[in-house]
Amino acid sequence: MNAPLLDVRDAEIVFTARRGGVTRHIQAVSGASISVARGQTVGLVGESGSGKSTLGAAAIGLQALDGGEVLFDGTPMPAEGSPAWRTLRRRVQVIFQDPFSALNPRQTIGQSLAEPLRLHSMGPRRSWPDRIAELLELVGLNPEMARQYPGTLSGGQRQRVCIARALAVEPDLIVCDEITSALDVSTQAQIVALIADIQKRMGVALLFISHDLGLVRAIADRTAVMYLGRIMEAGPAGEVFETPRHPYTRALLGAAPIPDPVLEARRERIPLRGEIPDPADPPSGCRFRTRCPHAREECAKRTPLPEPAGGAIVACHFWREITGTEDRS
Amino acid sequence: MKPLLEIADLGVAFRTSSSLIHAVVDVSLTVSAGERVGVIGESGSGKSVMARAIMRLDDPRRTQYATSSRITLDGRQILALPEREVHRLRGDAVSMIFQNPMHSLNPAFTVGQQMDAVLKAHRKLPGRDRRARIVDALGAVDLPAPGDLVDRYPHELSGGQRQRVMVAQAILCEPSLIIADEPTSALDVTAQDTVLDVLERLSRDKAIAVLMITHDMGVVARFCETVNVMYGGRLVETGPVGDIFAAPRHPYTAALLAATPNPAAPARTLHPIPGTQTTRRGSASTACAFIARCPHATTLCKQAPALRQIRANHRVACHYAEELDLKAAG
Amino acid sequence: MSASAPITTRIGRLVPRSPAGIVLTLLGIGVVLVALFPAWFTPYQPNGINARAILQPPSPANPFGTDELGSDVLARIIYGTRLEIAIAMGSVALAALFAVPAGLLAGYRGKTADWILTLIADSILSFPIVLFAVMVVASMGASVGTLIFVLGIVFIPRIFRLVRGQTQVLVEQGFVRGARAMGAGTFDILLRHILPNILGPVLVIVPQLMAVAILIEAGLSFIGLGVQPPQISWGSLLLVSKNYYVNAIWYPLAVGAVTTLASALLVFAGDLAANAINPDRRSG
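Predicted model only: the values in this text are computed from it and were never measured.

The next subject is empty space enclosed by the protein. Counted according to the given criterion, the structure contains three cavities of 30 Å³ or more. Every residue lining the largest cavity is listed: Gln93(A), Val94(A), Ile95(A), Phe96(A), Ala102(A), Cys162(A), Arg165(A), Ala166(A), Gly178(C), Ala181(C) and Met182(C). Elements with a contribution of two residues or more to the lining of the largest cavity: strand 6 (92-95) and helix 5 (155-167) of chain A together with helix 7 (174-181) of chain C. Its residues assigned to classes, the lining of the largest cavity shows eight nonpolar, two polar and one charged. Taken as a whole, the second largest cavity encloses approximately 90 Å³ of empty space. Along the walls of the second largest cavity sit 14 residues, with Pro251(B), Cys288(B), Cys294(B), Cys301(B) and Cys318(B) positioned nearest its centre.

This part takes up the pattern of salt bridges. Residue and element names in this part refer to chain A. Tallied over the full model, the rule gives 47 salt bridges over all chains. In this structure, Arg118 engages Glu115 in a salt bridge whose closest nitrogen and oxygen atoms are separated by 3.7 Å. Highlighted residues: Arg118 and Glu115, both in helix 3 (residues 109-119), separated by three residues, approximately one helical turn. On the basis of relative accessible area, Arg118 is assigned to the partly exposed category, the value being 21%. Two residues, Arg217 and Glu242, come together in a salt bridge whose shortest N-O distance is 2.4 Å. Note that Arg217 is positioned in helix 7 (residues 213-219) and Glu242 in helix 8 (residues 237-242), a separation of 25 residues in sequence. We classify Arg217 as buried; its relative accessible area is 4%.

To continue, consider the packing of helix 3 of chain A against helix 8 (residues 186-222) of chain C. Between helix 3 of chain A and helix 8 of chain C, whose axes approach to 13 Å, the crossing angle comes to 165°. In terms of axis orientation, helix 3 of chain A runs roughly antiparallel to helix 8 of chain C. Taken as a pair, helix 3 of chain A and helix 8 of chain C cross one another with a handedness that is right-handed. On helix 8 of chain C, the residues that touch Glu115(A), Arg118(A) and Leu119(A) of helix 3 of chain A are Asp188(C), Arg192(C) and His193(C). Along the lines of polarity and charge, the residues of the contact of helix 3 of chain A with helix 8 of chain C split into one nonpolar, one polar and four charged.

All names here are of chain C. In the predicted model, chain C carries a mean pLDDT of 85, and 92% of its residues have values of at least 70. Mean pLDDT across the secondary structure elements of chain C bottoms out at helix 11 (residues 280-283), with 39, and peaks at helix 6 (residues 144-171), with 93. Counting interchain partners and residues more than four positions distant, the pLDDT-below-50 stretch residues 279-284 has four contacts.

Moving on to helix 8 (residues 189-206) of chain B. Residues and elements named next belong to chain B. Here helix 8 is 18 residues long and its end C-alpha atoms lie 25 Å apart, about the 26 Å a rise of 1.5 Å per residue gives. Along helix 8, the residues classified as buried are Val189, Thr190, Ala191, Gln192, Asp193, Val195, Leu196, Val198, Leu199, Glu200, Leu202 and Ser203. Immediately beyond the C-terminal end of helix 8, within one or two residues, lies Ala207, with a positive phi of roughly 50°.

Attention now goes to the sheet that holds strand 9 (residues 209-214) of chain B. Residue and element names in this part refer to chain B. The strand order across the open sheet built from eight strands is 7-8-9-3-10-11-13-12, with neighbouring strands paired in mixed fashion. Among the strands making up the open sheet, the edge pair consists of strand 7 (94-97) and strand 12 (308-311). Within this sheet the neighbouring strands show an average axis-to-axis angle of 20°, counted without direction. Bridge count between strand 3 (residues 36-40) and strand 9: five bridges; the pairing is parallel. Of the residues in strand 9, the one forming a bridge with Val37 is Leu211. Sheet strands in contact with helix 7 (residues 159-170) are strand 7 and strand 8 (177-181), and its direction is about 170° off that of strand 7.

All right, on to the interface of chain C and chain A then. By convention, interface size is frequently given as the accessible area that disappears when the constituent parts associate. With 22 residues of chain C at the contact, the number on the chain A side is 22 residues. In this assembly, chain C packs against chain A so that about 2,000 Å² is buried in total across both faces, 50% of it on carbon and sulfur atoms. On the chain C side of the contact with chain A, Phe175(C), Ala181(C) and Met182(C) bury the most area, a combined 32% of that side's loss. Across the contact surface, chain C and chain A share one salt bridge. Note that Arg118(A) and Asp188(C) form a salt bridge whose closest N and O atoms lie 3.0 Å from each other. On inspection of chain C and its partner chain A, the count reaches 11 residue pairs in polar contact (both at pLDDT 80 or more). Elements with a contribution of two residues or more to the side of chain C that touches chain A: helix 1 (4-14), helix 7 and helix 8 of chain C. Among the elements that take part in the side of chain C that touches chain A, helix 7 of chain C stands out by supplying seven residues, more than any other. Counted by class, the side of chain C that touches chain A contains eight nonpolar, eight polar and six charged residues.

This paragraph deals with the interface of chain A and chain B. At the interface, 35 residues of chain A touch 39 residues of chain B. With both chains or domains summed, chain A and chain B bury close to 3,100 Å², and 59% of this area falls on carbon and sulfur atoms. Interface area lost by chain A to chain B is led by Val185(A), Arg217(A) and Pro259(A), which between them contribute 20%. There are four salt bridges connecting chain A and chain B.

A separate point is the arrangement of the chains. Taken together, the two pairs of chains in contact show their highest number of contacts between chains A and B. Spatially, chain B is disjoint from chain C: no contact exists, and the shortest C-alpha separation is 10 Å.

Rules behind the numbers
Residues numbered from 1 in each chain as written. Chains lettered and ligands numbered in written order. Predicted model: local features only at pLDDT ≥ 70, side-chain atom pairs only at ≥ 80, totals over all residues. Heavy atoms only, no water. 1 Å grid on protein atoms, 1.4 Å probe; cavity = no way out; pocket = protein on both sides within 12 Å on 5 of 7 lines; lining within 4 Å. Points joined across faces, edges and corners; volume = space filled by probe spheres on them. Helix = DSSP H or I, 4+ residues; strand = E, 2+ residues; numbered from the N terminus. Nonpolar A, V, L, I, M, F, W, Y, C, P; charged D, E, K, R; others polar. Salt bridge = Lys/Arg side-chain N within 4 Å of Asp/Glu carboxyl O. Buried < 20%, exposed > 50% of the residue type's maximum accessible area, 1.4 Å probe, protein only. Axes fitted to C-alpha atoms, helices over the stretch in contact; angles between N-to-C directions. Parallel < 35°, antiparallel > 145°, perpendicular 65-115°, else oblique. Left-handed = near helix turned anticlockwise from the far one by under 90°. Contact = heavy atoms within 4.5 Å. pLDDT = per-residue confidence, 0-100. Expected span 1.5 Å × (residues − 1). Pairing = 2+ DSSP bridges. Buried area = accessible area lost by both parts, 1.4 Å probe. Polar contact = N/O pair within 3.5 Å; in protein donor to acceptor, adjacent residues only side chain to side chain.

In structure tokens, the structure reads:
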């Protein structure tokens, strides 16, 4: 069995924020593990404040850890600025949410695409124009667009340029951080179809971060569900979506509207109590217990560790009981 | 029965320094009392402009309504009313809820103060009665400890709570219609679910009609009884939600459904709609709005199809509405 | 190579399109010509003495009249332009030389460097200009160089704050985060991604600072801390002309009007440039 391409182990990330003279320690990520195999697409779902984007940044070395480790291709994160760091910067790429700020408004599309080629000395300079044209065609854009400035492009076109830029250096892993949440539904489908197609053809691994369950289901091989800095459930996408075991996954799926009135009317809904707690003062034990319909005393005392459940892993003391009773009813 | 709201042949255009942008073209729709009606479309479809026109919220200096346009609310001709009277309707007979609750709430005032301002503007009530009514409204939207919440500031609340405050504010004067413009687009799924729950219950219990403007087919399926699909400023399909989702008759509706991610569907690739929507400038085009992206377009489509009835309450603006086999696409 | 194109388009956008912009640009070119070639614009020598024409009122031959030594006032103003422009441009350039790198550093790195640099800038800002000028003149003597130095220091916080603020905003932008993720170094990011994007706003405040320079120069020269005779600047003319406001009111009036007009036009030019760069402000 090969080591995974990306292996994040027990990541801890704490932000220190001062507000009104009071120092607050916000636990953005606490003890989260996630791994991505070569050529695999892993979906990371969570609501705002779950820490999913912070974990994504840590996965590619853009966010320092306060505990745990990140192994890329079996080796720990190299020190910033080292030769190994530069190599890593070629092998992992990231695409951000907002396509409108992702491109330097003062650079042409061609210049933006040349940047990774220059930074990583990808071939002789005279080969770049051809390579840029090739990349633009790969993402379904007219190569003529290299001469344009981003200001003249639509959101979908810009996001295609960002995909092209990420692909320019033939990376092993691309982190996609909410790449379609600023786009319209039809454009979103275009971008997801494009990235799924490229993933298949080039065999690049994807860490696909999104708040949209339907989107993750459409693209991911495996899915991890995150809540308040912890992974609640992870496993093959089909299994997580069809037989969710963690109460949070069940509640999340129960809250997501289904674009089909017949299924929608039958959707099992699990109302959640209260609001997401303050990440500076998270609940003891299970992070989800303050909102969980099944919470009991035990949940406040002991932190549930991720344990195997079918083909997935679940961090809940009582997942057997919860899924058992509801299966019978 | 006469509908509560009737929009007929609405056309809205905006003047810019160089041109006229036709944002809404010939849109007609009705909302009955207590009905939950959806308007779905992508950005640029004209759905929000249409919604704002109902309360005449656009700058009159640059907004032009087509001369044939009529908006009738409870017998009143909105487009013909003096501004003073339209202003009196806003927040009273008709309330609006917008996408970003942080922009709609003033951070310098407590929840109670802002709601009181609305109530004071429309109802002559002693202060104690107003407070009681505000607390009632906050309780009606399932906010915990409403008596305590009135004195809190917006920043002390989560996004979902703030949006429920907006809903509470919207029902203060017992409106007959709530226009909700993407009320849950900025919220997480769990918070969205709660807001939709509250709105649905209020609509049922108090017979408040809700016009839900959204880009999310899931929200339509979840919340609405009838749906109006807009594209390029025009209404392309309208009818009962069940009928339209089961058998869309306009190629755009079918394409939109196929492009919508579905958390309940077994893994499948999404079917993108090729191309992008374009905003029309200058004179309104005479072709079908969807012609450039439609896989079924023919030369006939260079003449805009009229919206026509194909079944009870189900109307479609497509020349080929009866012939196309659209379910296969989705 | 790749960074040069955006800068040309940026400057291209500054080419005026509105009538006011065109008039101002032509006026600016005119002023520069006056500064470089004063003799083209007046037949008189600035220091010519004419005992028969002392403090003459305006006439077709001397549109602004003559001064206490019989020199043409207009000629003196014209010959003063060169120094005026040199002081205005020199001080802004001097300030930019220090303030731009400091602002970039403070805005990009943050933490300690930001704290120290901001403290320095705030200290300069809170120091009274006249007191500072007195101290510098006392140690270095009054001269054009001293004046440029004083004004340069005074302008540093203005440019620093602008650059720092703009940089802080840009650092959060996706393209800067993206460049970092791709492995671009600090220098690379500052040069290719941040500097081209702050050049516009910096160019916009240049005319405004020049206007301030002209006014401060006038003020400091007026109290004897600035340009010293026989060198001519508008401020030094103002100093001399004040003695004759009873007998020859046109003399101080002409000098004062030119000074005021020049700074007003510069402020206006800055506004126009700001609008040209930021299309959102056009409607407002």
